[in-house]
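Secondary and tertiary structure notes
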Amino acid sequence: MFGVSVSGIKNSQKHLDVSSNNIANANTYGFKKSRAEFADMYASSLYTSGKTSVGLGVQNTVVSQQFAQGALSGDTGNGLDMAIQGNGFFVLSGDLTSTAHTYTRNGAFHTNNEGYIVTATDDYLQGWDVNPDGTSSSLDLNATHPIQIPSDTGSPKESNSISIGVNLPADSDPVTPVTATGGNIMWGGQPVTPAVTDDELQYGREFSGIHQYFSNFDPADSSTYTNTTSQTIHDSLGRAHTLTYYMLNMGESSAGSNETTWVVIPFVDGQPVDVAPSDGGNPTLISSVEGNNAGANYFGFSINFDSNGEMLSGTEPNPVTFAQNNVTAGANVSLRATVLAGLTDSTYPDSDLDGTADYDGTLHSIMGLGSNEAQYLALDFNATQFGSSKFSVTFAPTNDGYSTGTLLSVNVDENGVIYGEYSNGSRQAIAKIAMADFTNTQGLTKEGDTQWSESIDSGPAIASEANTGSVGTIVGSNLELSNVDLTSELVELITAQRNYQANAQSLQTQNTVMDSILNIR
């Protein structure tokens, strides 16, 4: 008699408990609210009429979690905070070597004293090794490992590929041409033979297979060149060096050609570095014959522009390479020895008076001892010549080299790739966050700490990458809030309370009826 009311009271209490737990976790990141589901109970036998049978009360069939998407917190300012927008779970392990995994939606991560990404309860976030382009070669949960953030970039990398883009002002005046004295000019302390013609003074001449211009170029005198800019490069030890470009407007390429020639002369750390022969053509030689820098010779490269200000293809070495030491014959070597044989060359002064120049035009001699003698450096130089009185850098310089750097910040992209930003300017992919999904998420076993484990009902974990298939994207510097709706839960509390009171009243009524029967005499 009393069983029906007792089951109602008991399961009304279950309803109250579930709603109270939801309310208690309204501020728990990644929490998924639960719903108490009930079913009626009947007893039957061969001799029971279904038309007149009365139920035996109510039972709680399941407390099911509702994995609806929670709202996102907005930018938390912490690069290791992560929210999943869509389906999926983060994969965790209890220690560094464990292959047992739990799963969570709570992305409030931080690093421990060893640099591993962990939860507030010191469970380790799992990930895969990642290629520089952000891809991973494995999607096996057994191949995951705890993600560790390196505090530095490790070994430095020498520069091998660099680029820069500039606009050279079309309205600039050509550099002041050299004038002949007595029908000739002096170069390297002796008269140039044969005598240089007026056209050769203005447009240059062919000399030892290269194009030679006569100028008064002096890097210390800004009136002898048109524009300059610089960028950073690195040697094999990670030391930074400054590569400076001096750009000279040489005027028309030839009489009436309607084309303009510019010569670019590179310096490293204030010393001229020789441009080496390449498939795109030989270097250009600038010979200073006047002023304080007379007798110096510089290897650079030429760029020709058409009447539309576009760089003419094939008019410059592309890529531009610089002279090396210790390379095979004919590859990236300086032409200085053969081109300037027998001439006095003041380009590399003997500053320590030991009888030899302190530099020889190669990268290694300028970058210093200990670095790679055969360092290869290729320059992609992009230029335009448009009508403007101002010189501008149109493409930011790029440099694939770097020194050892310290970690500045960590962030994660929508595909789950964790990147480290380092003080040397490099941005390196560290790991790819492992994600998992399940056929039946409501079948997961609750483990506490906003974690679940797989079960027979959920099916095995399906390894996934963020932003692929059914798995959602990762939103960095955000957290997923609880999906508890407080208004709805308060209404559920009122409903559960009313049900509890009504079942208690039913129990009291049955007790009164029982008393009446006991009082019959």
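No experiment lies behind these values; they were computed from the predicted model shown. (Residues numbered from 1 in each chain as written. Predicted model: local features only at pLDDT ≥ 70, side-chain atom pairs only at ≥ 80, totals over all residues. Heavy atoms only, no water.)

1. Considerations on the overall build of the protein
So the rule is basically this: Only DSSP runs of H or I reaching four residues or more are called helices, and only runs of E reaching two or more are called strands; each is numbered from the N terminus. Whether a residue is buried, partly exposed or exposed follows from its accessible area with a 1.4 Å probe, protein chains only, as a fraction of its type maximum: under 20%, in between, or over 50%, in that order. Only heavy atoms enter the contact rule, under which two residues are in contact if any of them lie within 4.5 Å. Only the protein chains shown count as cover for residues, and the accessible areas themselves come from Shrake-Rupley with a 1.4 Å probe.
A tally of helices and strands in the protein yields 5 helices and 31 strands. Per-residue burial over the protein gives 45% buried out of 521 residues. In the protein, once contacts between residues fewer than 6 apart in sequence are set aside, the share between residues at least 24 apart is 67%. Just so you have it, the protein exposes about 25000 Å², and 50% of that area is on carbon and sulfur atoms.

2. Thoughts on the sheet that holds strand β23 (residues 392-399)
Two modes of strand pairing occur in sheets, parallel and antiparallel, and in both the strands are linked by backbone hydrogen bonds. Just so we agree on the cut-off: Strand pairing is assigned whenever DSSP identifies at least 2 bridges connecting the two strands.
Taken in spatial order, the 4 strands line up as β21-β22-β10-β23 in an open sheet, and their pairing is mixed. On the outer flanks of this sheet lie β21 (320-321) and β23, each paired with one strand and no other. In this structure, β21 lies alongside strand β22 (residues 378-384), joined through 2 bridges in antiparallel fashion. Across the sheet, the residue bridging to Val320 is Leu379, located in β22.

3. Let's talk about the pattern of salt bridges
Let me state the cut-off plainly: Each reported salt bridge corresponds to a side-chain nitrogen of Lys or Arg within 4 Å of a carboxyl oxygen of Asp or Glu.
Within this structure, the stated rule accounts for 7 salt bridges. A salt bridge links Glu37 to Arg35, with the shortest nitrogen-to-oxygen separation between them at 2.8 Å. On the accessibility criterion, Arg35 (44% relative accessible area) is partly exposed. A salt bridge links Arg105 to Glu480, with the nearest nitrogen and oxygen atoms 3.0 Å apart.

4. Section: unusual backbone geometry
In the Ramachandran plot, Asp269 falls in the positive-phi region, its phi being about 50 degrees despite a non-glycine side chain. Looking at where Asp269 falls in the secondary structure, it is placed in the loop between β17 (260-268) and β18 (271-272). Phi angles above zero are rare outside glycine, and Thr450 is one such case at about 55 degrees. Here Thr450 shows up in the loop between β28 (445-448) and β29 (451-453). A relative accessible area of 16% places Thr450 in the buried class.

5. Things to note about the nonpolar core
Keep this limit in mind: The definition of a nonpolar core used throughout is a set of buried Ala, Val, Leu, Ile, Met, Phe, Trp, Tyr and Cys residues joined through side-chain atoms within 4.5 Å.
Of all hydrophobic cores here, the largest spans 25 residues; its most connected members are Tyr245, Met247, Phe301, Phe322, Leu379 and Phe381. Counting only elements with at least two residues in this core, the list comes to β10 (161-167), β16 (240-252), β17, β20 (297-305), α4 (363-367) and β22. Among the nonpolar cores identified, the runner-up in size contains 21 residues, and Phe90, Phe109, Ile117 and Ile430 belong to it.

6. Considering a nonpolar patch on the surface
Our working definition: Every patch collects residues that have over 30% relative accessible area and no salt bridge, joining them within 9 Å if they carry like charges and within 5 Å if they are nonpolar side chains (Val, Leu, Ile, Met, Phe, Trp, Tyr).
A grouping of Val513, Ile517 and Ile520 is seen on the molecular surface, where their side chains present a nonpolar patch of about 290 Å² in accessible area. One can find Val513 in helix α5 (residues 486-518).

7. Here's the deal with the packing of aromatic side chains
This is how it is decided: Only rings of Phe, Tyr and Trp enter the pairing, Trp through its six-membered ring, and a pair is recorded when the two centres are within 6.5 Å. The plane angle decides the type: under 30 degrees is stacked, over 60 is edge-to-face, the rest tilted.
One pass over the full model with this rule turns up 16 aromatic pairs. Summarising the aromatic geometry, the rings of Phe217 and Phe267 are spaced 6.3 Å apart at their centres and angled 70 degrees between planes, so their arrangement reads as edge-to-face. Of this pair, Phe217 sits in the loop between β14 (210-215) and β15 (227-234) while Phe267 sits in strand β17, and the two are 50 residues apart along the sequence. Linked through ring pairs, Phe67, Phe89, Tyr103, Phe438 and Trp452 together constitute an aromatic cluster.

8. Some words on the environment of Ala383
Looking at the element boundaries, Ala383 is found in strand β22. Ala383 has contacts with Val166, Leu168, Ile303, Phe305 and Met311, leaving out every residue within four places of it along the chain.

9. A word on the environment of Thr404
Checked against the element boundaries, Thr404 lands in the loop between β23 and β24 (407-412). The class for Thr404 is partly exposed, based on a relative accessible area of 45%. When sequence neighbours within four positions are dropped, the list of residues in contact with Thr404 reads Asp152, Thr153, Gly154, Ser155, Pro156 and Asn424.

10. Let's talk about the pairing of β15
Sheet topology places β15 next to β16; 8 bridges connect them, and they run antiparallel. Residue pairing in the sheet places Ile233 in a bridge with His241 of β16. Once β15 ends, the chain turns through 5 residues before running back antiparallel as β16, passing Gly238 with a positive phi of about 85 degrees.

11. Quick look at the pairing of strand β5 (residues 101-104)
Of the two faces of β5, both are covered, the one formed by His101 and Tyr103 as well as the one formed by Thr102 and Thr104. One ladder, built from 2 bridges, connects β5 with β29; its direction is antiparallel. In the strand pairing of β29, Thr104 is matched with Gln451.

12. Comments concerning the side chain of Ser93
Which entries qualify depends on this criterion: Here a polar contact is recorded for every N or O atom pair within 3.5 Å, except that within protein the pair must consist of a potential hydrogen donor and a potential acceptor, and residues adjacent in sequence are included only if both atoms are side-chain atoms.
Mapped onto the secondary structure, Ser93 falls in strand β4 (residues 89-93). Here Ser93 falls in the buried class, since its relative accessible area comes to 1%. A polar contact is formed between the side chain of Ser93 and the backbone oxygen of Asp95, at a distance of 3.0 Å. Ser93 has contacts with Ser98, Ala100, His101, Asp123, Tyr124, Gln126 and Pro146, leaving out every residue within four places of it along the chain.

13. Some details on the environment of Trp128
Checked against the element boundaries, Trp128 lands in strand β8 (residues 124-128). The exposure class of Trp128 is buried, given its relative accessible area of 1%. The spatial distance from the C-alpha of Trp128 to the C-alpha of Thr144 is 5.1 Å, given a sequence separation of 16 residues. Here the side chain of Trp128 touches Asp140 through a polar contact of 3.0 Å, landing on its backbone oxygen.

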